[in-house]
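Residue-level structural notes
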There are 2 protein chains.
Amino acid sequence: MAEKTHYAYRVDPQWVDFTMRASVAALTNAVLSVAGVDAQRKGFGTDTLNKENFSWVLLRMAVEFDHRPEQYTDFSITTWVSDYGRMMSTRNFTVQDNEGKIFGRVVTQWCMIDLTTRRPIDLTTPTIAENYGKYLVECPSPTEAPKRLGAIDAQVKVVRDVVYSDIDFNRHVNTLRYLEMMLDRLPLERFEQDRPLRLDVNFQHECRYGQTLEIGYEEREECDLFEISSEGTAAVRARLEWR
Amino acid sequence: MAEKTHYAYRVDPQWVDFTMRASVAALTNAVLSVAGVDAQRKGFGTDTLNKENFSWVLLRMAVEFDHRPEQYTDFSITTWVSDYGRMMSTRNFTVQDNEGKIFGRVVTQWCMIDLTTRRPIDLTTPTIAENYGKYLVECPSPTEAPKRLGAIDAQVKVVRDVVYSDIDFNRHVNTLRYLEMMLDRLPLERFEQDRPLRLDVNFQHECRYGQTLEIGYEEREECDLFEISSEGTAAVRARLEWR
């Protein structure tokens with residue numbers, strides 16, 4: 001059995017919003033960067049996988065923050081893989097301040113795909129399980145797994161083209177931008193107070209350079225619901241709960 | 001006389017574009033972060049100035065990159081203030097790889113303003129000059145000063161609202177986003193090859209949350225020209241020269 005690993009971070013000026021606190025999108029982006037770096041260090045990062053024409057794809061995530069730290073605040077991110085099955089692997093994170101107090105909990109679910117067929121790879125295949133299994137940590141996820149989200153009844157819809165600064169090396173829209181596109185639909189007042197929140201996101205379909213996206217928003221009781229679609233197909237759904 | 005100061009950086013995954021190289025916007029953003037941190041460390045950062053109700057405003061910059069480093073590349077940024085007059089201070093940067101080879105040169109011009117009147121402060125006022133003058137470094141700018149740019153003859157214009165993720169603590173559009181808005185107008189092929197470039201930017205007017213921006217683009221010989229305007233007033237002009 002392996003141990004959890006830790007990464008030191010600092011709230012850079014470009015991460016903060018008008019409240020001088022790190023945005024939810026920036027904090028989530030830091031967490032996903034840790035996923036990439038940790039996988040790379042352990043030999044199952046995208047760089048290694050690409051040699052076999054495989055890659056990781058993020059399916060769903062749940063992100064909870066009790067508060068958002070201010071500019072220049074030091075904090076750390078702890079990560080571990082708690083389990084994997086044929087189709088899916090669960091990577092967990094806690095985010096803590098310099099006194100060790102946890103203020104963020106993240107659960108992410110990934111599948112491995114074959115880049116040619118775009119079909120999932122069975123993670124229990126012995127050659128994969130052999131390398132991957134030794135990094136499992138016997139510790140459950142720090143919060144409830146990501147919810148599966150249904151269609152929304154959008155009250156507001158905006159349209160936006162996918163542009164150069166939105167895309168990653170696959171020319172697909174990157175996760176940071178999806179989060180920004182959704183959160184940008186909310187009134188500024190939502191961010192004025194530093195409220196605890198939980199964000200569930202489902203990634204259903206990849207959006208490409210040159211496509212036109214429709215970003216839908218529905219306000220429902222204590223939740224903000226979002227759906228980004230392209231060419232009539234839902235690509236990303238999210239549910240933001242203020243606590 | 002003071003010495004130049006140095007800051008270590010690394011190309012984070014979120015900085016790279018589809019070519020897996022740091023984008024011009026991300027590299028420029030790193031340089032401007034250094035300006036903020038270096039000013040803060042020396043006691044004339046925005047945090048100190050704000051106590052007197054003053055702030056720095058970026059007027060113009062010139063950015064040259066011979067190439068754009070790949071993801072995870074270590075590099076460093078060196079900065080120094082070379083001179084200041086009544087109205088303007090010049091902060092310089094070189095960007096170098098781990099062998100010390102300079103691949104980026106940046107010249108920025110700033111004024112100090114009174115946040116209430118929004119008028120410039122005379123930097124030669126003794127109380128200011130006393131603190132500021134001791135950090136001057138006797139070394140000229142590493143390249144030609146930023147050009148003053150005229151109006152463009154836009155062939156393409158797009159319209160875009162200022163949203164939550166665009167704004168800084170003043171609720172003004174941040175520099176990273178201005179650069180992205182402009183570079184997003186270019187065809188992807190412009191970035192496929194890692195060509196040397198020089199970018200001149202003039203900041204003429206601040207854009208606020210809720211405003212609608214018009215982003216104009218003109219292709220002129222070996223240059224790409226841009227103008228962002230809001231409510232009929234030119235806010236940012238830029239000239240990108242491919243070398």
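Below, the structure is looked at part by part. (Residues numbered from 1 in each chain as written. Chains lettered and ligands numbered in written order. Predicted model: local features only at pLDDT ≥ 70, side-chain atom pairs only at ≥ 80, totals over all residues. Heavy atoms only, no water.)

Listed per partner, the contact involves 30 residues of chain B and 30 residues of chain A. Here chain B packs against chain A, burying approximately 2700 Å² in sum over the two surfaces, 55% of which is carbon and sulfur. Where chain B packs against chain A, one counts four salt bridges. In this structure, the salt-bridge partner of B:E192 is A:R171, at a minimum N-O distance of 3.3 Å. Here chain B and chain A share 10 residue pairs in polar contact (both at pLDDT 80 or more) between them. Breaking the side of chain B that touches chain A down by element, the ones donating at least two residues are α1 (24–41), α4 (175–183) and α5 (189–192) of chain B. Looking at the side of chain B that touches chain A element by element, the count peaks at four residues for α1(B). Here the residues of the side of chain B that touches chain A sort into 14 nonpolar, six polar and 10 charged. (Contact = heavy atoms within 4.5 Å. Buried area = accessible area lost by both parts, 1.4 Å probe. Salt bridge = Lys/Arg side-chain N within 4 Å of Asp/Glu carboxyl O. Polar contact = N/O pair within 3.5 Å; in protein donor to acceptor, adjacent residues only side chain to side chain. Helix = DSSP H or I, 4+ residues; strand = E, 2+ residues; numbered from the N terminus. Nonpolar A, V, L, I, M, F, W, Y, C, P; charged D, E, K, R; others polar.)

With that settled, consider the packing of aromatic side chains. Residues and elements named next belong to chain A. Counted according to the given criterion, the structure contains 28 aromatic pairs over all chains. Taking the centre distance of 5.5 Å and the plane angle of 40° together, the rings of W56 and Y132 count as tilted. Taken together, the residues W56 in strand β2 (residues 54–65) and Y132 in helix α3 (residues 126–133) connect sequence positions 76 residues apart. Residue W56 shares its accessibility class with Y132, and that shared class is buried. Measuring from ring centre to ring centre gives 6.3 Å for F75 and F103, while their planes differ by 70°; the resulting arrangement is edge-to-face. Pair noted here: F75 is in strand β3 (residues 74–84) and F103 is in strand β5 (residues 102–114), with a separation of 28 residues, a long-range link. This pair shows no difference in class: F75 is buried, exactly as F103 is. Every member of this aromatic cluster is reached through a ring pair, and the members are Y9, W15, F65, F75 and F103. (Phe/Tyr/Trp six-rings, centres within 6.5 Å; stacked < 30°, edge-to-face > 60°. Buried < 20%, exposed > 50% of the residue type's maximum accessible area, 1.4 Å probe, protein only.)

Attention now goes to the sheet that holds strand β7 (residues 197–203) of chain B. Residue and element names in this part refer to chain B. The 10 strands lie next to each other as β1-β3-β4-β5-β2-β7-β10-β9-β8-β6, forming an open sheet whose pairing is antiparallel. Unpaired on one side and paired on the other, β1 (5–10) and β6 (156–161) mark the two borders of the sheet. Each adjacent strand pair in this sheet contributes to an overall mean axis angle of 20°, direction not counted. The sheet contact formed by strand β2 (residues 54–65) and β7 spans six bridges and is antiparallel. The partner of A62 across the bridge, within β7, is D200. (Pairing = 2+ DSSP bridges. Axes fitted to C-alpha atoms, helices over the stretch in contact; angles between N-to-C directions.)

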